[in-house]
Structure formats: C-alpha cells, structure tokens
Amino acid sequence: MASRLKRPDRRYSQWRCAVNAVLLAVIVTVPPMVFLFRASTSAPPVWIGAAKALRLGSATGHDRLLGGLLADGVDERSCHSRYQSAMYRRKAGRQPSPYLVSKLRQHEALQRRCGPGTAAYSDAAEQLRTGKSRDSATGSPDCKYLVSISYRGVGNRILAAAAAFLYAVLTDRVLLIDPSNEMGELFCEPFPGTTWLLPPDFPLTSYTNFSIDTPESYGNMLKRKVISAASTTTQQLPAFAYVHLDNHLTDEDKMFFCDEDQRVLRDIWWLVMRTDSYIVPGLFLTTGFQQELDMLFPEPDTVFHHLGRYLFHPNNHVWGLVTRYHDAYLAAAHQRVGIQIRVFDGSESPEVLEQITTCTQRESLLPEVLAAGVEPSAVPPTPAGMSTAVLVTSLKAWYHDKIKSMYWEHATANGEAVGVHQPSHEEYQHFGTKSHDAKAWAEIYLLSLTDVVVTSGWSTFGYVGQGLGGLTPLVMYRPENASMVPDPPCVRDLSMEPCFHSPPFYDCRTKQGADTGKIVPHVQHCKDEKGKRNNATSPTLSSSRCGCCFSAGRRRRPTPCPAASPACPAAAPPCDAAAPPCPAAASSYASPLPLPARNCAAAVAQSHRRRRLRLDQLSLQPLLTLSGSTSPCAHARSLPCSRSTTPRPGHQIDLDCVPVLQGTTPSSVPVQLVPEGGRRCSLKAAAAAP
C-alpha cells in the first residue's frame with residue numbers, strides 16, 4: 001500500500017492523463033454548446049452576461065447613480081437606460097456638487113408633494129380655473145408651478161425642458177412638461193414616484209397656442225401697465241402669466257432676466273413658458289440667481305451635462321435602438337468619432353463635405369488617405385487593435401456615402417482601419433412624427449457615446465449630444481459664403497455647454513443695451529458662426545468665473561467683480577480695485593512661479609480638485625494683483641511641488657500644482673505676465689523650449 005501511494009504504476013498514470021484530457025475537452029467545448037442550444041431560452045447562461053459585462057466594462061466599475069445625480073430605487077424594468085447608461089460610456093462624466101445632489105432630492109420631494117394627483121395640485125388647478133390670484137388660504141403656499149410648452153425639434157425640446165427645470169429649481173416651482181410632440185413617449189419619467197407630464201385636464205386648454213400676442217404674456221402686461229415691477233401685493237397679480245422667450249421676443253419680454261421682474265414673477269402661482277432655446281446663460285446674468293447657481297455648479301460649464309443626464313433617459317424602445325446599434329457598429333472600435341452634420345438649407349454641399357474632411361484630418365481625428373496609384377504595400381501595417389468607427393448623424397445620406405467611399409476606395413496613410421456608419425437618413429425633418437423623433441433621439445444619444453465629436457454650428461442636435469457625453473466639440477463654422485470652405489474649418493468650442501440663440505441684449509443693472517457676452521466672465525460669445533457680429537454675441541457658459549473667493553479651502557460668499565475686470569477662474573480671490581497698474585512691458589517669470597506673500601494671487605480656470613490636462617488645452621487666465629514694489633511679487637516665496645515638472649506644450653500637468661491661494665503649493669509651469677490694460681494682468685502659459 002505504501003509503495004503504491006509513493007509511486008503509482010504506469011497504467012494508473014495513463015488512465016489519469018486520459019481522464020484529465022477528457023475533462024479539458026468538456027470544459028472547452030461545453031460553453032459554446034450551451035450558447036448554441038440554449039440561445040432560444042428565456043434564461044441565458046450566466047457566463048454570457050459576464051462576457052457582455054467584460055465587453056462593455058464591468059457594471060461594478062461604473063457609477064450607475066452618476067455621482068448621486070440619480071436617486072436609487074426606481075424599477076429598472078420601467079426604464080432600462082436609467083441605470084444602464086453608465087456601462088456604455090468609456091469615460092465617467094463630471095461629478096456633480098454635493099449641493100446639487102441635495103437640491104435634486106429636495107426638488108423630487110416637492111414634485112411628489114405638489115404634483116398631479118395631490119390635493120395641492122387640485123387646489124392650484126381650481127384657483128387657475130376660477131382666475132383668482134394667489135390666496136394662501138385656499139392653496140398650499142409652498143406649491144407653485146411652471147408649465148413648459150414643447151415644440152420644434154427634439155433637440156430644441158430637450159434644451160428648453162432642461163432650462164425650464166433649472167428655473168423651476170431656482171424658484172422652487174413644480175415643473176410640468178407639455179406632453180405633446182412625443183415628450184411623454186420618448187423619455188422615462190425623471191422624478192421617482194410622480195410624473196412631470198401636464199395632466200390632460202389642465203384648465204388653460206389653449207396654452208399650446210400662446211404666442212407673442214397673448215394678452216397674458218408678462219411682456220404684454222408690462223407694456224399695457226397691467227403689471228409692473230413696482231407691484232408689491234399679491235392681490236394685484238394675475239392668476240397666471242405667460243413667459244414668451246421664443247426667438248422673436250420684445251424688449252418687455254427680455255425683462256424676464258431682470259431681478260426686479262423676477263421678484264414680481266415669484267409671487268405668481270402659475271407660469272407658462274414657451275422657448276425653444278437654452279436660456280441658461282441668461283439665468284446666469286440674473287444677479288438674484290448667481291449665488292445659488294454658484295453653489296449648484298462650481299464648474300459653470302457643466303450645467304447641461306448634469307441636468308441632461310438627470311432628466312433625459314431614453315424609454316425602453318429608444319434604448320433598444322441605441323444599444324443594438326452601439327453593440328453592432330461602435331463597441332469594438334478603438335476610437336469612436338462622432339460627426340454631426342446639419343445643413344440648414346437641406347442641400348448636398350461639396351463645400352461642407354470638404355469642411356468635414358479637412359477638419360477631421362487636420363485635427364487628427366481621422367487619418368489621411370493615400371493618393372490614387374500608391375501601392376497598398378507601401379502602407380505601414382495597422383497597429384494591433386487600432387480601428388476607428390465613425391458615426392455620421394445627418395438627415396442626408398450623401399455625406400455618409402462620400403466619406404465611406406473615400407475610406408473604402410483609398411488606403412489610409414497610417415494603415416488604420418476606418419468604418420463609417422449612419423443609423424438613418426430621413427432626408428428632411430418630420431415634425432411631430434413619432435418614428436422620426438425616436439430615431440433622432442436615439443442618434444443624439446449614440447453621438448454622446450462617442451469619444452470625440454465634431455458638430456455643426458447652431459445645431460441643437462449637436463448641443464444635446466455633446467452635453468450628455470461631456471464632450472467639448474470641434475464645432476464647424478456656419479459658412480458666410482456657401483461656395484467657400486471656412487478657414488479654419490472648425491474650432492475647439494469654449495465648453496460643452498449649448499449656446500443661447502436669442503439672448504437679451506440688455507443689461508438690467510445699467511438699464512440699457514449691452515453685449516451679453518461680456519457682462520460676466522463665464523458667459524462668453526459662442527463660436528458657432530464666424531465673423532457675424534450680430535450672432536457672435538449669443539452667449540454660452542465657459543469654465544471661468546470671477547468673484548468667488550476661497551479661504552483655507554472653503555468657499556465664502558462670492559464677491560462681485562468690477563465690470564472691467566478680466567475673466568477670473570473658479571478659484572479666484574476677489575478682485576482688488578486698488579491694485580497698481582501692470583508693467584508697461586510683459587515680464588517673464590521663470591519656473592517655478594513665485595507666489596507672493598501679499599496682494600498677489602493666481603488661480604486656474606478649473607476648480608481646485610485634482611485634474612490632469614494637456615498644457616496646450618489649459619487656459620491660464622487668472623486674475624493677478626501686484627504688490628506696490630518696483631519688482632512685482634518681490635516678496636513672494638516659492639515652495640516645491642510634490643509632482644513638480646517643467647512641462648512642454650502637449651505634456652500633462654497636475655492642476656493641484658498650480659497655486660489657488662496664497663500659501664498653497666506653487667506650480668512649476670513657465671508663465672508670462674501679460675498686460676491686459678487698466679489695472680489688471682493675466683497669466684498665460686509660456687511656451688517652453690522643446
């Protein structure tokens with residue numbers, strides 16, 4: 001017995017080897033058999049789900065609640081996309097502020113407490129039906145309402161609903177969305193336990209016909225002196241007011257963005273709003289909202305990114321369109337490039353096609369192709385796994401076909417494989433058609449799942465896609481001359497925020513016309529159209545902000561900046577009106593940047609949280625106040641940076657190494673002091689020698 005245990009005989013060894021071989025064969029062959037023979041069953045094997053998770057990224061590795069934007073506990077069967085969408089994004093989105101997360105939970109409670117089906121809503125609807133002004137004795141004083149009218153394309157409706165929601169949050173109103181135009185059929189309900197859709201028995205039966213001529217519009221009531229900013233009692237106020245913020249708004253309609261008028265609107269129980277624009281930059285111009293907006297969005301270029309991901313979840317039908325197309329054509333690609341094409345005259349333009357190819361190749365998004373006659377053998381081998389999937393979204397098939405033919409008929413200069421795909425081509429926009437809108441919403445969402453995106457200027461379709469995906473796009477200019485290709489063909493946009501197409505060219509503080517792209521630093525001119533002054537003043541939100549002060553890493557009450565001050569970043573100290581003028585000539589500072597002991601501070605155009613950016617993508621334009629000495633910042637002291645390097649253009653730097661306040665760790669980024677005129681200077685990254 002002992003000898004057999006120590007040394008089994010040859011026959012036993014052969015038998016054991018045979019058994020092991022059989023077991024190995026079973027392990028290798030059974031899973032494919034299980035897949036083949038059980039494909040039609042309702043309960044697929046667990047390993048198939050695991051393989052899908054590995055392909056998309058492990059579900060446990062994704063934040064299904066999006067940093068707290070979404071509340072947990074919603075039945076996933078009613079809305080698959082709500083908790084699955086994070087698995088389809090290769091990069092996590094920006095993190096919301098804790099204050100925004102808290103505010104969303106409070107607003108959800110308000111929607112449940114005052115929304116349709118509650119006693120408070122019934123009382124408010126009856127008050128509206130009788131035409132009485134607000135009377136706290138007959139209704140809940142905490143329940144006020146905003147009705148958002150839905151119209152035009154899907155992109156317009158999404159942007160308008162997002163802007164209306166932000167206004168509802170700022171003014172503690174219940175948001176009710178007009179269910180027409182498929183708003184109730186394209187999206188899941190965003191608020192747990194209640195609905196955001198306006199009930200069919202809403203007392204104002206003709207509200208969808210409200211227009212600029214409606215007598216109850218706030219602008220018309222101001223014009224006819226039925227109401228004024230001097231109104232002080234609720235008895236003088238109407239039962240409802242219509243807010244007209246469409247493209248064609250009067251001077252009186254623009255008063256909506258003024259503080260005095262907001263104080264009047266605050267006490268009107270019901271507001272009905274019509275807009276097809278992203279009015280959020282206008283809300284940032286309203287002084288009374290600025291402190292709250294600052295706490296909600298410390299990074300002001302993330303407003304739609306957060307609100308869009310919170311509000312707009314494709315319903316199960318649209319989500320099926322998204323996931324099936326993604327898995328079939330985009331999932332396996334190393335790089336996913338989205339190209340959104342909108343030609344407003346509906347033409348098939350060779351100039352626009354050249355603009356697309358020039359932009360994508362010049363920006364190294366797509367490879368150049370070899371000229372005819374070049375032998376394929378001269379093409380370098382394709383790197384392992386290097387492939388690019390191009391998603392084209394356009395009403396026309398012509399642009400997709402031309403780009404696809406180019407990469408089929410010509411080899412790429414770097415040997416990279418390029419696949420070009422277009423989900424649909426409806427040829428023209430079908431307003432109010434359910435199937436058309438479902439495809440449009442699916443393609444917008446697919447666009448948001450790409451890694452980089454090129455959009456057409458002035459297109460709300462592209463605005464929504466870039467915002468949901470957290471993508472700062474390359475935007476193609478709308479050409480002034482249709483027969484010429486703009487040079488440059490595209491430009492990196494200010495931020496991922498949509499553009500406000502119909503801003504109020506009015507400064508409420510000075511009560512005169514003003515360039516709304518220059519009132520506050522983080523509301524700047526859009527880049528959608530080149531060389532058109534009347535359109536270039538339409539504002540969008542950027543990441544810079546002026547007037548926020550920090551102390552020991554904690555935010556204090558914002559301090560307003562002088563109108564003439566330059567753009568200040570999110571972590572900038574208050575502007576110093578007594579600062580001496582900048583030197584007449586630019587002064588260069590060697591690395592590391594000296595940090596002054598007094599009266600000299602620098603910051604970056606991002607929050608102070610740790611981020612890594614390419615140097616050539618970093619916009620260093622902080623406020624710099626100078627000491628009174630002949631040598632600026634002569635009394636500065638320098639501290640070593642824990643990750644200090646001297647980056648060259650294109651290298652990465654750690655933003656925690658850039659000074660935010662006096663006493664923090666300085667940066668080793670080479671900088672240059674550049675006079676900006678008046679009493680201020682800006683700090684710009686100096687180009688280091690390669």
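None of the values given here were measured: they were computed from a predicted structure. Positions within a chain are numbered from 1, following the residues in the order the chain's sequence is written. Restriction of local features to residues with pLDDT of at least 70 applies here, the model being predicted, together with a cutoff of 80 or more for giving and counting side-chain atom pairs; totals for whole chains, interfaces and linings are based on all residues. The side-chain quantities take in all heavy atoms of the structure and omit both hydrogens and water.

A.B. asks: I'd like a rundown of the pairing of strand S1 (residues 145-149), residues and numbers included.
C.D. replies: Burial classes: relative accessible area under 20% of the type maximum marks a residue as buried, over 50% as exposed, and values in between as partly exposed (1.4 Å probe, protein chains only). Runs of E in the DSSP output that reach at least two residues are strands. Runs of H or I that reach at least four are helices, and both are numbered from the N terminus. Of all the five residues making up S1, five are buried; the element is thus mostly covered by neighbouring parts of the structure. Of the two faces of S1, the one holding Tyr 145, Val 147 and Ile 149 and the one holding Leu 146 and Ser 148 are both buried throughout. With five bridges joining them, S1 and strand S4 (residues 270-274) adopt parallel strand pairing. The partner of Val 147 across the bridge, within S4, is Val 272. Two strands are counted as paired when DSSP detects at least two bridges linking them. Looking at chain direction, S1 and strand S2 (residues 174-177) are connected through four bridges and run parallel. Within the sheet, the bridge partner assigned to Ser 148 lies in S2 and is Ile 177. A clockwise course of the path from the first strand over the helix to the second, judged with the strands pointing away from the viewer, identifies a crossover as right-handed. The parallel pair S1 and S2 is bridged by helix H7 (residues 154-171), and the resulting crossover is right-handed.

A.B. asks: Residue-level account of the sheet that holds strand S10 (residues 490-492), with values.
C.D. replies: Ordered in space as S7-S6-S5-S8-S9-S10, the six strands form an open sheet in which the pairing is mixed. Of all strands in the sheet, those with a lone pairing partner are strand S7 (417-421) and S10, marking the two edges. Recorded for the sheet is a direction-independent mean angle of 20° between the axes of neighbouring strands. Pairing analysis gives five bridges linking strand S6 (residues 387-393) to S7, with the strands arranged parallel. Paired with Thr 388 across the strands is Val 418, a residue of S7. Every residue pair with non-hydrogen atoms within 4.5 Å of one another is taken to be in contact. In this analysis, axes come from line fits to C-alpha atoms, helices being fitted only over the stretch in contact, and the angle between any two N-to-C directions falls in the range 0 to 180 degrees. Those strands touched by helix H14 (residues 316-330) are strand S5 (335-340), S6 and S7, and its axis lies near 140° from that of S6. Against the sheet, helix H17 (residues 434-448) makes contact with S5, S6 and strand S8 (452-456), and its axis sits at roughly 145° relative to S6, the strand it touches most.

A.B. asks: Please give an account of the environment of Leu 237 that cites residues and values.
C.D. replies: Assignment of secondary structure puts Leu 237 in the loop between helix H9 (218-223) and strand S3 (240-244). For Leu 237, a relative accessible area of 8% puts it in the buried group. For Leu 237 and Ile 227, which are ten residues apart along the polypeptide, the C-alpha to C-alpha distance reads 7.1 Å.

A.B. asks: Account for helix H16 (residues 398-409), with residues named and values stated.
C.D. replies: Helix span is expected to be 1.5 Å times the residue number reduced by one. An ideal rise of 1.5 Å per residue puts 16 Å on twelve residues; H16 measures up with 16 Å between its terminal C-alpha atoms. Within the sequence span of H16, burial applies to Trp 398, Tyr 399, His 400, Ile 403, Met 406 and Tyr 407. Tucked inside the fold, the buried residues of H16 contact helix H15 (350-362), S6 and S7.

A.B. asks: Could you give an account of the packing of H7 against helix H13 (residues 303-311), naming the residues involved and the relevant values?
C.D. replies: Between H7 and H13, the shortest axis-to-axis distance is 10 Å and the interhelical angle comes to 100°. Accordingly, the angle class assigned to the pair H7 and H13 is roughly perpendicular. On H13, the residues that touch Ile 158, Leu 159, Ala 161, Ala 162, Phe 165 and Leu 166 of H7 are Val 303, Phe 304, Leu 307, Tyr 310 and Leu 311. Residues were grouped as follows: Ala, Val, Leu, Ile, Met, Phe, Trp, Tyr, Cys and Pro as nonpolar; Asp, Glu, Lys and Arg as charged; and all remaining residues, including Gly, as polar. Here the contact of H7 with H13 is composed, by residue class, of eleven nonpolar, no polar and no charged. Angular relationships are summarised with four words: roughly parallel below 35 degrees, roughly antiparallel beyond 145, roughly perpendicular across 65 to 115, and oblique for the angles in between.

A.B. asks: Give a description of helix H6 (residues 119-130) that names residues and reports values.
C.D. replies: Here H6 contains twelve residues, and its C-alpha end-to-end distance of 17 Å stays within 8% of the 16 Å for a straight helix at 1.5 Å per residue. When H6 is considered as a whole, its buried residues turn out to be Ala 120, Tyr 121, Ala 124, Ala 125, Gln 127 and Leu 128. Projected down its long axis, H6 shows its buried positions confined to an angular sector of 155°, all on one face. For H6, the elements touching its buried residues are helix H5 (98-114), S1, S2, S3 and S4. Directly beyond the C-terminal end of H6, a positive phi value near 80° is found at Gly 131. Arc definition: it is the arc formed by the directions from the helix axis to the C-beta atoms.

A.B. asks: Provide a residue-level description of the sheet that holds S4, including the pertinent values.
C.D. replies: Strand order in the open sheet made by the four strands is S2-S1-S4-S3, with parallel pairing throughout. Either end of the sheet is taken by a strand with one partner, and the two such strands are S2 and S3. On average, adjacent strands in this sheet sit at an angle of 20° to one another, irrespective of strand direction. Seen against the sheet, H6 touches S1, S2, S3 and S4 and runs at an angle of roughly 80° to S4. Seen against the sheet, H7 touches S1, S2 and S4 and runs at an angle of roughly 170° to S1.

A.B. asks: Got a sec to walk through the nonpolar core? Specific residues and values, please.
C.D. replies: Judged by nonpolar contacts, the single largest core of 96 residues is most densely connected at Phe 256, Phe 312 and Trp 441. Take this core: its biggest share by element is 13 residues, from H7. Residues within four places of Phe 312 in sequence aside, it is in contact with Ile 158, Ala 161, Ala 162, Phe 187, Trp 196, Phe 304, Trp 441 and Tyr 445. Remark: nonpolar core denotes a set of buried residues (Ala, Val, Leu, Ile, Met, Phe, Trp, Tyr, Cys) joined through side-chain atoms within 4.5 Å. Residues Cys 114, Tyr 145, Ile 149 and Ala 239 belong to the second largest nonpolar core, which totals 25 residues.

A.B. asks: Please set out the state of the cysteines residue by residue, giving values where relevant.
C.D. replies: Any two cysteine sulfur atoms lying within 2.5 Å of each other are counted as a disulfide. Inspection of the entire model under this criterion finds five disulfides. What pairs with Cys 258 in a disulfide is Cys 508, and their sulfur atoms sit 1.9 Å apart. Disulfide Cys 258 to Cys 508: torsion about the S-S bond roughly -75°, handedness left-handed. Placement of the pair is Cys 258 in the loop between S3 and helix H10 (259-265) and Cys 508 in the loop between S10 and strand S11 (523-525), with a sequence separation of 250 residues.

A.B. asks: Before we move on, could you go through the packing of H15 against H16 and cite the residues and values that matter?
C.D. replies: For the pair H15 and H16, the least separation of the axes is 11 Å and the interaxial angle reads 50°. One element, H15, and the other, H16, form an angle in the oblique class. The two elements H15 and H16 meet at a crossing, and its hand is right-handed. Here Pro 350, Val 352, Leu 353, Ile 356, Thr 357 and Gln 361 of H15 lie close against H16, whose contacting residues are Trp 398, Tyr 399, Lys 402, Ile 403, Met 406 and Tyr 407. Residues of the contact of H15 with H16, tallied by class, amount to nine nonpolar, two polar and one charged. Whether a crossing is left-handed or right-handed is set by the direction in which the near helix is turned from the far one by less than a right angle, anticlockwise for left-handed and clockwise for right-handed.

A.B. asks: So what's going on with the confidence of the model for the protein chain? Which residues, and what values?
C.D. replies: pLDDT measures the predictor's confidence residue by residue and takes values from 0 up to 100. Predicted confidence across the protein chain gives a mean pLDDT of 73, with 64% of residues reaching 70 or more. A low-confidence stretch, residues 1-13 stays under pLDDT 50, and its non-local contacts, those more than four residues away or across chains, total one contact. Low confidence marks residues 545-690, where pLDDT is under 50. Its contacts with residues over four positions away, or in another chain, come to 306 contacts.

A.B. asks: Before we move on, could you go through the environment of Asp 507 and cite the residues and values that matter?
C.D. replies: Within the secondary structure, Asp 507 sits in the loop between S10 and S11. By relative accessible area, Asp 507 is classed as buried at 10%. Considered as a pair, Asp 507 and Phe 257 are 250 residues apart in the sequence and their alpha carbons are 9.3 Å apart. Residues contacting Asp 507, with those up to four places away along its chain left out, are Gln 512, Ala 514 and Ile 519.

A.B. asks: Give me the packing of aromatic side chains: which residues, what numbers.
C.D. replies: The rule is short: rings of Phe, Tyr and Trp, with Trp giving its six-membered ring, pair when the centres are within 6.5 Å, and they are stacked under 30 degrees, edge-to-face over 60, tilted in between. Scanning all chains against the criterion turns up 24 aromatic pairs. When the ring of Phe 210 is compared with that of Phe 240, the centres are 6.0 Å apart and the planes differ by 10°; the resulting orientation is stacked. Here Phe 240 lies in strand S3 and Phe 210 lies in the loop between helix H8 (183-186) and H9, a separation of 30 residues in the sequence. Comparing Phe 210 with Phe 240 shows no difference in burial state: the two are buried. Among the aromatic residues, those joined into a cluster by ring pairs are Tyr 88, Phe 165, Phe 187, Phe 191, Trp 196, Tyr 310, Phe 312, Trp 319, Trp 441 and Tyr 445. For a Lys NZ or an Arg CZ to count as sitting over a ring, it must be within 6 Å of the ring centre and within 35 degrees of the ring normal. Looking at Arg 64, its charged tip hangs above the ring of Tyr 83, at a distance of 4.2 Å from the centre. We note Arg 478 situated over the ring of Phe 344; from NZ or CZ to the ring centre the distance is 4.5 Å.

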